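# Reading the structure
As a plain string of letters, each chain reads:
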Amino acid sequence: MNDYYQFPNYVTLVSMRTLILGATGRTGTLIVCEALHRGLEIRCLVRSEPKAFFNTAHKNIELIEGNPSNSLDLREALTGCDQVISALNVSRHSDFPWSRLRSPKTLMSDTIGNLISLSDKIPIRKLVICSAWGVGDTKKDIPVWFRWMIKNSNIGPAYEDHERQENLLQKSNLKWTIVRPVGLVNGEKDQLIIESFNNTPKPRLTINRKTVAHYMINALDNPKLDYMCPVISAK
């Protein structure tokens, strides 16, 4: 697998309906736009119909209102879908590290647990989730100052739940890819990716959300990433 590569303009994906969770977040919105650009049929489970996040009138998008951590809502959204992308996160009211939490501390792990249970009756071809650098075996690789921030601020609950959802997924019978981006930033530039395993090559500190969205869409149909946890950063 190449450590450095750029995305092709288009990747041919199998025609399937994809459920996108976290679709109205900053990364999720870009995943939706990229999926529609690629011609994918998608369904988004959203708490309320978005007004300005993306083109809700597009012929290939379907919105269902509900809560992803509610099993009944998730079952309705998952029915008829073949694959899932989750960009859910435990969010705060602002980017300030000590800002109050806006979502439940177990949002991601509750959702993954429900998906695993539902997959016994509704087959899922593949699940791709957005986690974070600093989760699992990458804790030791992040800068000391960032480990302190995770431990001492409201960034911590998100990392704790990333860990829980990863553990659930890795013990399941689902086919999955866990994407661990480094620090997320905004930007429209198509970036050259550094794909790291076991801290090799050493990741850089940032990557833009648009690049993460491209990578997660590509991971749906990339068997080399099955059961893998790549850390991705921008060169």
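Everything discussed here concerns the structure shown above.
Reference entry: report on the structure contained in this document. It should be emphasised that the depicted structure is a prediction, and the values quoted were computed from it without experimental measurement.

## Notes on the state of the cysteines
A full pass over the atoms with the stated rule returns 0 disulfides. You can see Cys130 has no disulfide; the closest cysteine sulfur is in Cys229, sitting 12 Å from it. Looking at Cys130, the relative accessible area reads 8%, which means it is buried.

## Things to note about the environment of Ser109
In this structure, Ser109 sits in helix α3 (residues 107–118). For Ser109, a relative accessible area of 7% corresponds to the buried category. In this structure the C-alpha to C-alpha distance between Ser109 and Asn167, which are 58 residues apart in sequence, comes to 9.0 Å. Aside from chain neighbours lying at most four places away, what touches Ser109 is Asp161, Arg164, Gln165 and Leu168.

## Things to note about the layout of surface pockets
By volume, the largest pocket is sized at about 1500 Å³. Residues of the lining of the largest pocket, tallied by class, amount to 25 nonpolar, 14 polar and 7 charged.

## Focus: the packing of α3 against helix α5 (residues 156–170)
Where α3 meets α5, the axes come as close as 7 Å, and the angle between the chain directions of the two elements is 15°. One finds that α3 runs roughly parallel with respect to α5. Our pair here, α3 against α5, has a crossing hand that is right-handed. Only Ala158, Asp161, His162, Arg164, Gln165, Leu168 and Leu169 of α5 make contact with α3, whose side of the interface consists of Leu107, Met108, Ser109, Ile112, Gly113 and Ile116. Within the contact of α3 with α5, the residues separate by chemical class into 7 nonpolar, 4 polar and 2 charged.

## Topic: the pairing of strand β7 (residues 176–181)
For β7, the buried fraction is high: 6 of the 6 residues fall into the buried class. Residues Trp176, Ile178 and Arg180 point to one face of β7 and Thr177, Val179 and Pro181 to the other, with burial holding for every one of them. Strand direction decides the pairing type here: strand β6 (residues 126–130) and β7, joined by 4 bridges, are parallel. In the strand pairing of β7, Ile129 is matched with Ile178. As paired elements, β7 and strand β11 (residues 231–234) share 2 bridges and run parallel to each other. Note on β11: the bridge partner recorded for Arg180 is Val231.

Rules of the game
Residues numbered from 1 in each chain as written. Predicted model: local features only at pLDDT ≥ 70, side-chain atom pairs only at ≥ 80, totals over all residues. Heavy atoms only, no water. Disulfide = S-S within 2.5 Å. Buried < 20%, exposed > 50% of the residue type's maximum accessible area, 1.4 Å probe, protein only. Helix = DSSP H or I, 4+ residues; strand = E, 2+ residues; numbered from the N terminus. Contact = heavy atoms within 4.5 Å. 1 Å grid on protein atoms, 1.4 Å probe; cavity = no way out; pocket = protein on both sides within 12 Å on 5 of 7 lines; lining within 4 Å. Points joined across faces, edges and corners; volume = space filled by probe spheres on them. Nonpolar A, V, L, I, M, F, W, Y, C, P; charged D, E, K, R; others polar. Axes fitted to C-alpha atoms, helices over the stretch in contact; angles between N-to-C directions. Parallel < 35°, antiparallel > 145°, perpendicular 65-115°, else oblique. Left-handed = near helix turned anticlockwise from the far one by under 90°. Pairing = 2+ DSSP bridges.

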